[in-house]
Amino acid sequence: WVSTDQPVGLLAGGTILSVIAFGLDVAAAHQCVFTGTSSLLRRNVTAAATSVSSTKLVCVAPDWPAWPTPAEASVTVYAAGRILPLEAVGDVRIRFTAEA
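Along each chain, residues carry numbers from 1 onward, in the same order as the chain's sequence is written. Totals for whole chains, interfaces and linings use every residue, but because this is a predicted model, local features are given only for residues with pLDDT of at least 70 and side-chain atom pairs only at 80 or more, for both listing and counting. Values reported for side chains reflect all heavy atoms of the structure, with hydrogen atoms and water molecules removed beforehand.

Quick notes on the overall build of the chain
Helix numbering and strand numbering both begin at the N terminus, where a helix is a DSSP run of H or I of at least 4 residues and a strand a DSSP run of E of at least 2. Secondary structure summary: the chain contains zero helices and nine strands in total. With C-alpha atoms as the basis for the radius of gyration, the globule rule is written as 2.2 Å multiplied by the number of residues raised to the power 0.38. The C-alpha radius of gyration of the chain comes to 13 Å, within 12% of the 13 Å expected for a compact globule of 100 residues. For the C-alpha atoms alone, the extent of the chain along its principal axes is close to 35 × 25 × 20 Å. A total of 100 residues make up the chain; the buried ones form 41% of that total. Counting contacts in the chain only where the partners sit at least 6 residues apart, residues at least 24 apart contribute 60% of the total. Charged-residue counts in this description rest on Lys and Arg as positive and Asp and Glu as negative, His and the chain ends being excluded. Every charge is mapped onto a representative atom, which is NZ of Lys, CZ of Arg, CG of Asp or CD of Glu. Positive and negative side-chain charges of the chain, numbering 6 and 7 respectively, have mean locations separated by a distance of 5 Å. Any residue under 20% of the maximum accessible area for its type is buried, any over 50% is exposed, and the rest in between are partly exposed; the area is computed with a 1.4 Å probe on protein chains only. For this analysis, residues touch if any pair of their heavy atoms sits within 4.5 Å.

What to know about the environment of Y78
Structurally, Y78 can be placed in strand β7 (residues 72-79). We classify Y78 as partly exposed; its relative accessible area is 23%. Not counting residues within four places of it along the chain, the set of residues in contact with Y78 comprises A29, H30, Q31, V33, I83 and L84.

Have a look at this one:
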């Protein structure tokens, strides 16, 4: 996968996150895993992802604690229980705020 379309999400959750990729198996079960980036919060939350096409998945970001700051999570995408490799520099993160 390559990127997401949403670098910011709501602390209350519900932000729709589109994952851009190439050659997705639309029949496979996909998941987005959100992992806290602060050493004080190693929270992992898994959200089901819906295949829209062979180039796009959609998942809904979970609610996220406001503390510790920054309220931020890295995003990992799975297909059929296996990590999909990220074809980008660094990792992909979403920052959670009170307002979008």
